[in-house]
Amino acid sequence: MEVNELSNAESEFLEPYLPTRQHTYDESVEAETARVEGDETDHFPFVTLTYASSLDGMIALGPGLRTALSGSESKSMTHHLRQRHDAILVGIGTVLADDPGLNSRLPSALYRLQPRPVIVDPSRRMNIKDSKVIRLAKMGEGKKPLLIHADLNGKQYFSEEETCDRLHLATPISGELRGQERPEIPWEYILKSLKLRGINSVMIEGGATVISTLLAKPELVNSVIVTIAPQWLGRGGVGIAPVSTNGLVETAWQQFGADAVVCGRFSVAKRTI
Ligand SMILES: NC(=O)C1=CN([C@@H]2O[C@H](COP(=O)(O)OP(=O)(O)OC[C@H]3O[C@@H](n4cnc5c(N)ncnc54)[C@H](O)[C@@H]3O)[C@@H](O)[C@H]2O)C=CC1
Ligand SMILES: Nc1nc(O)c(N)c(N[C@@H]2O[C@H](COP(=O)(O)O)[C@@H](O)[C@H]2O)n1
């Protein structure tokens, strides 16, 4: 699908919902801070939650199915967001279903402006060999992905490999994780660890599990940007369903092609970066 630069009016519409400090992320700085352990600060990156939804609140036709909802204009909007954040984060479910590129294909997206892909993959399910995100990084069209793993032995360490970097996170409640088939790492811990590595802003793009769990943690989210495509995906679809009710404030919406893009914030006190 064609991806084009946004008009001035389109970027101005998005601007109030985007992180103010741009492109502060520096890979060499990340390598330095990687040695720091035991982060006790309460600093988090700026977090933007974003996804494309159908009129019936679905983000995919069915589990594991890559589903195009955005039109060219709103897809371009997503690629604009990608180059305005230091990192783009998805869960392993999205990588296995979609094999996404997780880079910005905008003509203005120089390597320096590309987001660092972050994949939450607690049990190391990612197929490194055949992954598009790694192929793009090798070609210099995107940054090397950072995989987040759960370390069940209670250790936190970083390892750099040729194709990807790995951040093994022991959580503050690591004892409770032992023996779990799908260990859950607290989002506070994931986000703090990214900040500690020099990542000041992260765009969280999916999938259903990641978005739904973060919607129940509004105190961690600075902005929400949702594309609504004018179609229904039906009852077999994968929906966004937070465990608790909530709503956005300071909302604005604009049409991008046939789609509506809705922006907003949660009313809980926000942090600045
Ligand atoms: N329309 C849209 O904008 C988007 C749609 N999608 C769709 O979403 C679907 C994938 O959604 P899901 O299967 O729910 O996958 P997901 O991408 O949300 O990943 C879920 C997996 O990530 C890991 N994970 C997530 N949070 C974790 C945490 N706090 N601690 C430890 N591990 C954690 C777990 O292994 C979990 O099983 C696909 O069909 C994909 O096409 C994905 C992204 C955007
Ligand atoms: N903005 C948006 N609209 C849709 O209709 C989508 N299906 C998605 N999905 C997300 O984009 C990823 C694919 O991106 P690449 O172009 O391959 O980098 C996919 O994995 C979802 O995260 N997004």
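- The protein appears in an unreviewed UniProt entry as 2,5-diamino-6-ribosylamino-4(3H)-pyrimidinone 5'-phosphate reductase from Baudoinia panamericana.
- For the record of the protein, the UniProt heading Pathway (unreviewed entry) holds the text "Cofactor biosynthesis; riboflavin biosynthesis."
- On record in UniProt, under Function (unreviewed entry), the comment for the protein is "Catalyzes an early step in riboflavin biosynthesis, the NADPH-dependent reduction of the ribose side chain of 2,5-diamino-6-ribosylamino-4(3H)-pyrimidinone 5'-phosphate, yielding 2,5-diamino-6-ribitylamino-4(3H)-pyrimidinone 5'-phosphate."

## Quick look at the pairing of strand E1 (residues 46-53)
Alright, step 1. Most of E1 is tucked away, with eight of its eight residues classed as buried.
Alright, step 2. Alternating residues of E1 divide into Phe-46, Thr-48, Thr-50 and Ala-52 and Val-47, Leu-49, Tyr-51 and Ser-53, and every residue in both groups is buried.
Alright, step 3. Relative to strand E9 (residues 223-228), E1 is paired through six bridges, and the arrangement is parallel. Within E9, the residue paired with Thr-50 across the bridge is Ile-225.

## Description of the site of ligand 1
Alright, step 1. Neighbouring residues of ligand 1: 29 residues in total, closest Ala-60, Gly-91, Gly-93, Gly-206 and Gly-207.
Alright, step 2. Those elements that provide at least two residues to the shell around ligand 1 are E1, strand E2 (58-60), strand E3 (87-91), helix H4 (92-98), strand E8 (201-206) and helix H8 (208-215).
Alright, step 3. Broken down by element, the shell around ligand 1 gets its largest block of residues, five residues, from H4.
Alright, step 4. For the shell around ligand 1, a count of residues per class yields 16 nonpolar, eight polar and five charged.

## Things to note about the sheet that holds strand E12 (residues 259-265)
Hydrogen bonds between backbone groups are what pair the strands of a sheet, and the pairing can be parallel or antiparallel.
Alright, step 1. One open sheet accounts for ten strands, arranged E6-E7-E5-E4-E3-E8-E1-E9-E12-E11; its pairing is mixed. The open sheet terminates on both sides in strands that have one partner only, identified here as strand E6 (157-160) and strand E11 (249-256). Averaged over all pairs of adjacent strands, the angle between strand axes in this sheet comes to 20 degrees, irrespective of strand direction.
Alright, step 2. Taken together, the four bridges between E1 and E8 define a ladder with parallel strand orientation. In the strand pairing of E8, Thr-48 is matched with Met-203.
Alright, step 3. Sheet contacts for H8: E1, E3, strand E4 (116-120) and E8; angle to E8, the most-contacted strand, approximately 120 degrees.

## Observations concerning the confidence of the model for the protein
Alright, step 1. Residues of the protein with pLDDT of at least 70 account for 86%, and the chain-wide mean is 89.
Alright, step 2. Predicted confidence is poor over residues 34-41, with pLDDT under 50, and the contacts of this stretch with residues over four places away or in other chains come to seven contacts.
Alright, step 3. What the predictor reports for the complex is a pTM of 0.93 with an ipTM of 0.99.

## Structural notes on the site of ligand 2
Alright, step 1. Neighbouring residues of ligand 2: 16 residues in total, closest Ala-52, Leu-69, Ser-70, Pro-100 and Gly-101.
Alright, step 2. Every element with two or more residues in the shell around ligand 2 is listed here: helix H3 (72-83), H4 and E8.
Alright, step 3. For the shell around ligand 2, a count of residues per class yields six nonpolar, seven polar and three charged.

## A closer look at the pairing of E3
Alright, step 1. Summarising burial for E3: five of the five residues are buried, a large majority.
Alright, step 2. Where E3 lies against E4, five bridges are found, and the strand directions are parallel. For Gly-91, the partnering residue across the bridge sits in E4 and is Val-120.
Alright, step 3. Between the parallel elements E3 and E4, the chain passes through H4 in a crossover that is right-handed.
Alright, step 4. Pairing between E3 and E8: four bridges, direction parallel. Pairing of Leu-89 across the sheet is with Ile-204, part of E8.

Conventions and cut-offs
- Each chain has its residues counted from 1, running along the sequence as written.
- The order in which chains are written sets their letters, starting at A; the order in which ligands are written sets their numbers, starting at 1.
- Given that this is a predicted model, residues contribute local features only at a pLDDT of at least 70 and side-chain atom pairs are listed and counted only at 80 or more, while totals for whole chains, interfaces and linings are drawn from all residues.
- UniProt positions are given in the numbering used here, feature names are shortened, and annotations may be inferred rather than shown by experiment.
- Any residue with 12 or fewer other C-beta atoms within 10 Å of its own C-beta is exposed, any with 20 or more is buried, and the rest are partly exposed; the C-beta atoms used are placed from the backbone.
- The numbering of helices and of strands both runs from the N terminus, where a helix is a DSSP run of H or I of at least 4 residues and a strand a run of E of at least 2.
- Should DSSP find at least two bridges between two strands, the strands are taken to pair.
- Using the backbone to place each C-beta atom, any residue with that atom within 6 Å of a molecule or strand is considered near it.
- As a working rule, the residues Ala, Val, Leu, Ile, Met, Phe, Trp, Tyr, Cys and Pro are called nonpolar, Asp, Glu, Lys and Arg charged, and the rest polar, with Gly in that last group.
- The axes are straight lines fitted to the C-alpha atoms, using for helices just the contacting stretch, and the angles between their N-to-C directions are given from 0 to 180°.
- The contact criterion used is a C-beta to C-beta distance within 7 Å, with each C-beta placed from the backbone.
- For every residue, the pLDDT score states the predictor's confidence, bounded by 0 at the bottom and 100 at the top.
- Handedness is read with the strands pointing away from the viewer; a crossover is right-handed when the path from the first strand over the helix to the second is clockwise.

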